[in-house]
Structures are given as structure tokens and as C-alpha cells.
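Below, each chain spelled out in residue letters.
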Amino acid sequence: MALVLSGLWIGQNVNVLPAAASLNAPIYDQLFKVLFSIGTILFIGIFGLLLFSLIRFRRRDGETGDGVAVEGNLQLEIFWTAIPAVVVLFVGIYSYDIYDRMGGMVPLSDPHAMHGGMVASSDSGTAEGDSAVIQASVLGTPSPTSERIWGGIGSPMAGGATALPVEVTALQFAFLFHYPQGDITSGELHVQKGQPVELRMEARDVIHAFWVPEFRLKQDVIPGQPTVLTFTPIKAGSYPIICAELCGPYHGGMRSTVVVHEPDEFSAWFEKNTTTTVASALSSSSTG
Amino acid sequence: MTIALTPQTSSPPPGLQPEGWLRYLSFSLDHKVIGLQYMVAGFFFYLVGGALAGMIRAELVSPISDFISRETYNEVLTLHGTVMIFLWIVPVVNGAFGNYLIPFYVGARDMAFPRLNAVAFWLIPPAGFLLIASYFIAGAAQSGWTAYPPLSLTTPAAGQVVWILSVLLLGGSSIFGGINFIATILKMRRPGLKMMQLPMYCWAMLGTSILVVLSTPVLAGTLVLLSFDIIAHTGFFNPSLGGNAVVYQHLFWFYSHPAVYIMVLPAFGLVSEILPVHARKPLFGYTTMVYSILGIVFLGLIVWAHHMFTSATPPWMRLFFTIATAFIAVPTGIKFFNWLATLWGGKIALNSAMLFSCAFIVHFVFGGITGVALAQVPFDIHVHDTYFVVGHFHYVVYGGTVFVIFGSIYHWFPKFTGRMLNEDLGRFHFLITFIGFNLCFAPQHWLGLNGMPRRVAEYDPQFTLVNQISSVGALLMALSTLPFLINVLWSAFSGRVAGDNPWKALTPEWLTSSPPPVENWKGEAPLVQHPYGYGIPPGQIDLGAATGRELWSSGQ
Amino acid sequence: MTAFSPSSDPSPPSDVLAPPLPQGSEPLVHDAGQEAHPDHRMFGLATFLVADGMTFAGFFAAYLTFRAVNPLPADAIYELELILPTINTVLLVLSSFTFHRAAKELRHDQLGPCRLWLLITAGLGLAFLAGQMVEYFSLPFGLTDNLYASTFYALTGFHGLHVSLGALMILIVWWQARTPGRFTADHHFGVEAAELYWHFVDGIWLVLYGILYLL
Ligand code: HEA
Ligand code: HEA
Ligand code: CUA
Ligand SMILES: [Cu+2]
């Protein structure tokens, strides 16, 4: 009991994560606390048991006998099969719920998203008469409407605000951000506090991964597989963007920054950099 | 056939079996010789892999790329991972201990296919040297031990092709070994010995070998396709030629996840042998242990995609693999609780073998718990490909398997050589390994959570201090090999003479002389139906008793 | 005495390996598959074929996934002729029966007919390979044309390699069967092994034909 309590206390009070700067980060931290508590309880419990056995049952000088010949105990075994099973099941369901709340199960805006992934283009080969025809799929030439969007994570939308679309290109060894609404191209990602952002990511050469530790978000960017990642920043500041997938010698240097602005700051930045139709872009992007 | 019979007890046979130490350098067919060949070769590659780890940790002392060039860093970390997994852990826990112990345990005089066995071993040194030579000649592979395309298609081709070639050779060796173990365990048992009477290590090796036979060929096929992509410019895994890079990941992990159980199940088996002997108690829950091994084998084959949670896998797939992965904690947990129950109420000798085994339990439970956390998709999304993962797997492979290997060497050294290892040096070795290990890898979890990705030569300066702590730990680990090496070399020639059965153990390998004769037993193999029949009331058995056989007959 | 050892030396090579006998123990021999312990080589081979089958399974899985998720370029419409592969399928299935026949003759100690049927089997295998070659040369696409083409060649090529190896094995046992007493009614590992392998290769082809040509 004391063990459980101290485990819970440690889980609630240990702070080993960086700042939580997006809407899904606090949800993530909840999960982390639960996992940390369970982990601590189990680990301390087992470690304590082991240490106790080693000290209590150690062979003392001059002892020559054997231990007692117990070979098993069905009840005990059922007990310690059941405990981990219950824990694991609970953790699984809980983390599924968390994942759902983080937006992992949200079908992405594109109709072909996610589920389309595995079944699309099953018409690529059809048996006809005595010859098999392997047809090129209509999906072959990527047209914007039917383009398949691969997994990613959709974020819970903050108050129904429309998302700010940003096109992300990952290449050796940099991220490029392009804002279609203002035709801005930038090496840094600028977003506005409280407004959802929709990253449409593509890789040029090899696999990269977009990671912002403070957002608790990571997504591989795989060549040939356009991917969408949505999130809502909730805390102003600058955070590192890190490439998390080995992509060559300068993988370690493939970093950038995401700047989360207060709304008016963001408008100023946007205005300063916009080359086209400033007004329209602004009106749609600064609703938050 | 005429062979002069010199009435010497353990003289090596003439002909193809050369005399003395020379047979260790030759194509020997004796399973004990092959086992030790695996062990020594594996340990050599451990030093190589450790030296490479040393280069990694030296580079990471400072946040900028200064010690070695960035390309070299990637070569070094690729070689480190490949060498440690394919040339150290897998050959030693499977090949070395499997070959040495399994024939004893099933009551056979050798493996089912001794020739195949020798071939399997002799594939390893050339493959290893090929791999290492590639570093000096053409530059080694730079794409990590996972060799994900398209990166592995765009880095210098020569190194990558050599890497593929040597992994194919090592995989072949592994498959041949697996076939041999399955045949030996299922078919070579001495009459009267039932499956459920085998020592636990046999079950572990059976499970491991099933995994080897089912999953290694898939890796082989995948690497062949990858080499086509590199050499013939096909586009299987090359998106710019219409291929699919994620299919490679699926196929790769279909092997490489089971591979982690190939690395750890035999270690589980070895611990199950060591604990009862030094705690003088029967192994707790034999039957559930067997079923949990089979459960791990089954689950191990269907969880591979937990390495790909950020690779744009569809949600249903992530959900399935989360649940399946986390469920491995159940059969694994059974094993750990059984071990604790084995210790409970025992008469535990706190010698080096026992200390290493107990440290294994601590480390593996820790690494297993972080593993179950990693299996949760939302958690993994944050820490995937960070030092948290590096921390997780060094806890299970080093804190788990390598600790067991050391423990096993302390336990079986008297069997191999007839001499004891020095206990004081052994405990000293344990102490610095234990401290160094935890100092090196525990802080890495924090690094990962706070934003340090893996496989980088340069990092955010805020992490400098923690990385330096980690490097100090690595230095301690490197130093800890010294007392061990000294101990082994010194004891092999002038250690205390062990006698046939210094631990008064009941498993069959101890019921013969140490070191054993070529045919394992003079006379018939003993029928050991209760390999863990410890637990005789005090006084009824004399630990100073003479031979193992005497002990055995009085024990039951 | 391994079936594939080319030496015609009548004395088993294992004699050389026999260790000195410790006093009081029976002679034991360090070699696979002779008197020392029952012959487990067929079991070993079967296990190996499971492994080999997994290699194919990996390829099949890759092929099916490629088909499901990777669209071909628009101009990549290929018709696979079915006539030749179907003939090939018949040849291969037939060869399984002829091999079976050969083994049956052997079990009745009819060496002559056995060798004849072996030769027929090898002939069928070679005819299959020839058919495969003809198909390769008449296909409108090459190895690196696109994903489908590459996978097609990888699958059929890997299988063809197995057929070549099998045909070679058959020819070897056919040659060995010349020596009287090499194979007897109950001592014929070489033939048995080749047969099991051949049936395996045959079975794989049926799957391959199914998913590559028919699906
Ligand atoms: C010996 C090797 C080994 C072993 C045994 C394990 C065991 C486990 N591993 Fe690990 N793993 C690796 C080696 C290993 N791993 C390696 C090398 C990598 C990185 C590869 C790379 O990318 O380079 C990796 C990566 C890795 C990942 C991917 C991380 C990522 O890249 O994002 C995941 C995710 O699920 C994972 C999970 C697990 C789990 C759930 C177990 C489970 O089997 C653990 C089960 C054990 C326990 C849980 C402890 C005992 C149980 C109890 C005491 C019962 C009570 C416990 C609970 C109820 C929780 N591992
Ligand atoms: C399987 C077993 C295994 C083992 C035992 C180890 C052991 C060690 N590993 Fe290993 N490691 C891996 C498997 C293993 N590793 C894998 C699979 C990867 C992933 C690779 C990848 O990303 O592709 C990895 C990656 C990896 C990294 C991450 C690199 C990166 O992502 O950038 C680090 C960093 O600290 C590291 C450190 C260490 C250290 C300090 C040890 C130490 O425990 C080593 C201790 C031993 C010694 C120090 C030997 C002592 C001897 C000498 C020094 C003398 C040498 C002298 C001569 C040769 C004459 N390893
Ligand atoms: Cu881009 Cu790493
Ligand atoms: Cu895994």
C-alpha cells in the first residue's frame, strides 16, 4: 500500500519532461504520469523483493543445506499472470483513449486519408479471360483531389478555428516551410498561439522526421507519401524542430525553430513577409 | 579402421580433430569445441563493438562534431549496432552456450548435424572481418543497423553492399544453427527423457530456434531485394522509382523484432539454470515457464510494427500492435515472478554468477517497463528515435543479455576449464560493470524525453553534462573488462582446481568430468529426470560430497 | 556417408573422425547421419524448407503490398500471356508425379526404372526452365522498368534458381544411382531429399502462379 502510494506520489510529482506547448502535450503528460506511476510501483516492488530475498535468504557461513523444495504454486502463478494482464489491458485502453484525444484517430480532412491507405488502388490488377491484365492505376498520376494522404495525426481543433495550412518540405538537410496563404517561404516555422496548424509534409530525398519535443509530436516524412500533421500551439515561445530520422551525415544538424507568436505579433510577421494578397490571407488566418 | 588407442582420458581424437589447443582453430566437429569457438570469437567482436561504442561516447562528450567526422560517426554507429547484435549477442547466447550445453541437456554425445554446426560457426569470422574491413577499405555502411532505404540507397554503395553480404552470411549461420538446435532437442533426446523433463535452457533454445527459422529468411530475402536496389537500380524500396520504403521497414522488423527475443530468450534460459543451483531450490513453476516461452515466441512474431508507429501506419495497425506488444509483458512477467519465487526461501550463495543474474533481473524489469511504455503509441510518438529508445534497448540487451553472459561465464567456467574463476576479482568486475552500466544508460532516458534524438554526432549544448556522465559510465564499463580478462586468462592456467562439480549441481553437464571427455560421458549418459531436484532437508545432504553422480543418487 | 559426397570411396569418411574409445564405451562416430544415431537429415531438410518457404512468404507479402498500395505509372499496362506459364505449371506438377514414381520404383529395388523416371523428372524440370527463359525473352518489360516488373523477375527468378538447383540435385542422384548398392530400398537419403525438395519447389510454384498470373 505504501508502495502504491509512494509510486503514485512520485509519478505525480516527478517532472522530467520539457515544457508542454501544444494542445495535445498536456494530454500526453497525463499518460506519462500514469505510466510513470505504474512503472515506479512495479519496479520498486520487484527490486525491493529481490533485494530482500538476497539479504534475508543469503547463505550464511557454515550453512550447507538446500532451500525448501517448493516447485510451484498454482494460485500464486494465476495471481501473477492476472496482475500484469490487467495492468497491460488498462494501460492499453487508457493510452488508446489518450491517443484518440490527441487526435490520432481523427480521419484527416482528406477523404482518402488513413483508411484509404491500405485498400486504395486495389484495382491495379484484374484477371480477364485467359490473360491477366496488370493495369496502371488511375491513381498513378497524382491529381490533387485523389491524392492519398498518409497517416499522421490530426489534432483536436481549438474552438473550431480554421487551420493554418503550411507546406513542409524536408530535404537533406533542412526543413522548408511554405505558407500558401501568403506565398511565404521560410526556414523557420511561425505559428500563432491558439490557432490550429495543418502541416502538409513531403520529403524530397530520404526519410526525415519532424519532431518538436515541446509539442510531443513526431511524424516521419517519407518520400512519395504526403503526410498531414495537425496541432494547436498553446504557449508562446520558440521551440526546436528536430529531424529525428537518420538521414545522412548532417542529420544531427538538421534543426530549425518553431516560433509560437501571440496573435498580433503573428499578424505582423505574416504581413512583413507576405508577397501576395495580404489581406485575404490574414482574415482567414487570424481568427483565434 | 585402425586407431591407436592411447589410454588417455580426455585426449582429443586424431585425424580431423587436431591435438590440444589447435583444434580450437580448426574445423572441429565437437560441439564443445564449437561452443568455445563461438564464445571466444564472440568476445573478440564484443571488444571491437565496445571500442566502437567508445568512439561514439568520445564524440558525444562535447556537443559539437569534433572527435570524428560526421560520416565516420555514422559508420561507427552502424558497425557498433551490427557487430554487437550479429557478432556478439546472437553468436554467444545461441551459438556458444547452445552448442556447449544442449547436447548435455538432451543426453546426446553431439549435435544432430556436427558438420553443419562447424560450417555455421566458420561463416562467422569471415563475415565479421569482411564487415570490419569495409571500414578501412571502402568506408563502412552509414545508414544505421536498420539500413532504411532510401538512405541506404544513397549512401556510398560499396559499404552498404558489404554490410548486406556479411549480414546475409551471419543470417545463414544463424539459420543453420537453428535447424541444428531444433533437430537436436526434438530428435536426439536420450531414451526415457521427456520434453517436460528437459532443463529450461532447452526450451528457451527451442523457442529461439523457431524464431530464427521463421524470421531470419525474411530478412535475407529483404536484403537481397535491397541489394538489387543498390546494384541493379531496381526500385523495390525506392520511392523515386515508384517503390515503397515502408514495405522494407515491415519486412526488416518482421525479422528484427523477433531478433530481440532471439537475443534474450536464451539468456532467460541460462538464468533459469543458474538461479536454482546457487539458491539451492527447484526452479519455481516449470510448466508455466515453458508455456510462457511459447507465448513469447508466438507474440514475438506479431508485434513488429511497434518500431514504426511514426511511419504513417494506419490507426488500426497501431492499435493492434500496441495491444499485442504490451501483452508480451504477461508471459515475461510470469518468468520474472517465477525467478523471484525461486530465490525466495533459498540458500542463496552471493557469488559472481548470482550477482550478475540478479542484476539482470533488475535491469530487464526496468528495460521491460520502458518497453511497455514505448509500446503505447502516444508515448512512443514523442520518444521514438530518441535516446529514450537507446536507453531502453541497452537496458535489455546489455543489462539483460550481456549481464547474463558474464554470469554464465562465471557459472560454467569450471565446466569449460576445470578451474574456478577468482571470486574477488569477479565481484569487483560485477561492481564496476553495474555502476558503469547504470551511469551510462539511465541518464539517456532523460535525454530522450527532453529532446535529444539518436544517431546524432552533434547535439543541443544543454545536454552536455548528462552526456558526459553517460560517457564516464561507458569508460567504467570499458575498464570493467580488464579485471574480467585478467581473471579469465589467469584462472584458465592457474586458477583453483574446480573438481568435477564445484556447484553440486544436478543438471547433466555437471554429471561428468570437468572439462568433459570428447564423448561427453564415459559410459552411458545419465538419465536426469529432475534437473532441479534441489531442496533436500539440511543435514541429509553433505555439500562436501564427492561426485555429482553420488550427489545425484542421494538427491532423489 | 553423405549422399552428396562426390567421393566413391566405399569406406565411410566418418571412420577418419572416430575418436579414440575411452575404456568401456561403445564406439561413437562424429558425423551426421550414420549408425551412431538415427538419421535426422530428412528432419533437418524439412526444417530448412520451412525457412526457405519463409523467404518466399516474405517476397509474396512484399508483392501483394506493392500491388495494394503502389500504383504503377500510367503507361505501364502489361499483359502477361498465360499460355506458357500454364504449360509450365503442368510440366512441373507432372514432374512431381514422375519423381514420386521414381521413388516408388526405388523402394521396390527397381533401380533401372527408378533411374529412368529420375531422368524424366529432370527433363521436365529443364523443360520448365527453358519455358521460363522463353517467357523472359518475350516479355515486353525489363527488370528495372517499374516496380511490378522488378517484383515479377525477383519472384520468378528466385523460384527459377530453386528449380535449377533441384534439377541439378536430380541429375546428381541419377548419376549416383548408377553405382550398384549406392541406393537401396531402405537406404536412399539422397533420392528422398531431392524428392522432398522437388515437391516443395513445385508447391511454391503453384502459389506463385496463383498470385502472380491469376490474381
Ligand atoms: C534483448 C532485446 C530486447 C528485448 C527483450 C526487448 C523487449 C521489449 N521491447 Fe524493445 N527494443 C530493442 C530490444 C529489446 N526489446 C531494441 C534493440 C530496440 C531498438 C531498435 C532500433 O530502433 O534500433 C527496441 C525498441 C523497442 C520499441 C520501439 C521504440 C521506438 O523505436 O520508438 C518498442 C515499442 O514498443 C519496444 C518495446 C519492447 C517491449 C514491450 C518489450 C517486452 O518484451 C518487455 C517485457 C518485459 C517486461 C515488461 C518486464 C518484466 C515483466 C513484469 C515484471 C511484469 C509486470 C510488468 C508490467 C505489467 C508492465 N522496444
Ligand atoms: C546488442 C548489444 C549492444 C551492446 C552490448 C552495446 C553496448 C554499448 N553501447 Fe550500443 N547500440 C546497440 C547495441 C549494443 N550496444 C545498437 C543495436 C545500437 C543502435 C545502432 C544504430 O542506431 O543503428 C547502439 C547504439 C548505441 C548508442 C547510440 C548511438 C547513436 O544513436 O548516436 C550509444 C551511445 O551512447 C551506444 C553506447 C554503447 C556503450 C557505451 C556500450 C558499452 O556497453 C560497451 C562496453 C564495452 C566496452 C567498452 C568494451 C571494452 C573494451 C575496450 C574498449 C577495449 C577495446 C580494445 C581493443 C579492441 C583492442 N550504443
Ligand atoms: Cu533529416 Cu535527419
Ligand atoms: Cu521490437
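Right, let's talk about the interface of chain A and chain B for a bit. The partner chain B presents 87 residues to the 82 residues of chain A that form the contact. Contact between chain A and chain B buries roughly 7,400 Å² in total, counting both sides, with carbon and sulfur atoms accounting for 70%. Scanning the region where chain A abuts chain B turns up 0 salt bridges. Counting across the chain A and chain B interface gives 14 residue pairs in polar contact (both at pLDDT 80 or more). Looking at the side of chain A that touches chain B, the elements that each hand over two or more residues are α2 (24-56), α3 (74-102), β3 (150-153), β10 (217-221) and β12 (237-243) of chain A. Considering each element in turn, the side of chain A that touches chain B owes the most residues, 15 residues, to α3 of chain A. For the side of chain A that touches chain B, the residue count by class is 49 nonpolar, 21 polar and 12 charged.

This paragraph deals with a nonpolar patch on the surface. All names here are of chain B. Taken together, the side chains of L431, I435, L439, L465, I469 and V472 define a hydrophobic patch exposed on the protein surface, amounting to about 500 Å² of accessible area. Broken down by secondary-structure element, the contributors of at least two residues to the nonpolar patch are α15 (423-449) and α16 (464-494). You can see L465 is positioned in helix α16. Residue classification places L465 among the exposed positions, given a relative accessible area of 57%.

This brings us to the site of ligand 2. Residue and element names in this part refer to chain B. Taken together, 33 residues lie near ligand 2, and R57, Y73, H80, H394 and R455 sit nearest. At 2.6 Å from an oxygen atom of ligand 2 is found a main-chain nitrogen or oxygen belonging to R455. Mapped onto the shell around ligand 2, the elements with two or more residues apiece are α1 (31-59), α2 (70-106), α14 (387-417), α15 and α16.

Looking now at the environment of V389 of chain B. Residue and element names in this part refer to chain B. Structurally, the position occupied by V389 is in helix α14. V389 gets classed as buried once you look at its relative accessible area, which sits at 13%. Considered as a pair, V389 and F309 are 80 residues apart in the sequence and their alpha carbons are 13 Å apart. Apart from the residues lying within four places of it in its own chain, the contact partners of V389 are L374, V383, H384 and R454.

When a metal carries six donors in an octahedron, the ideal angles between them are 90 or 180 degrees, while four donors in a tetrahedron ideally lie at 109.5 degrees. All names here are of chain B. Of the protein atoms, H392 (NE2) alone serves as a donor to the iron atom of ligand 1, at 2.2 Å. A spacing of 4.5 Å is found between the iron atom of ligand 1 and the copper ion (ligand 4). Looking at where H392 falls in the secondary structure, it is placed in helix α14.

Conventions we followed
- Residues numbered from 1 in each chain as written.
- Chains lettered and ligands numbered in written order.
- Predicted model: local features only at pLDDT ≥ 70, side-chain atom pairs only at ≥ 80, totals over all residues.
- Heavy atoms only, no water.
- Contact = heavy atoms within 4.5 Å.
- Buried area = accessible area lost by both parts, 1.4 Å probe.
- Salt bridge = Lys/Arg side-chain N within 4 Å of Asp/Glu carboxyl O.
- Polar contact = N/O pair within 3.5 Å; in protein donor to acceptor, adjacent residues only side chain to side chain.
- Helix = DSSP H or I, 4+ residues; strand = E, 2+ residues; numbered from the N terminus.
- Nonpolar A, V, L, I, M, F, W, Y, C, P; charged D, E, K, R; others polar.
- Patch = residues over 30% accessible without salt bridge, like charges linked within 9 Å, V, L, I, M, F, W, Y side chains within 5 Å.
- Areas by Shrake-Rupley, 256 points an atom, 1.4 Å probe, with all protein chains shown as cover.
- Buried < 20%, exposed > 50% of the residue type's maximum accessible area, 1.4 Å probe, protein only.
- Near = heavy atom within 4 Å.
- Donors = N, O, S within 2.8 Å, 3.2 Å for Na, K, Ca; no water.

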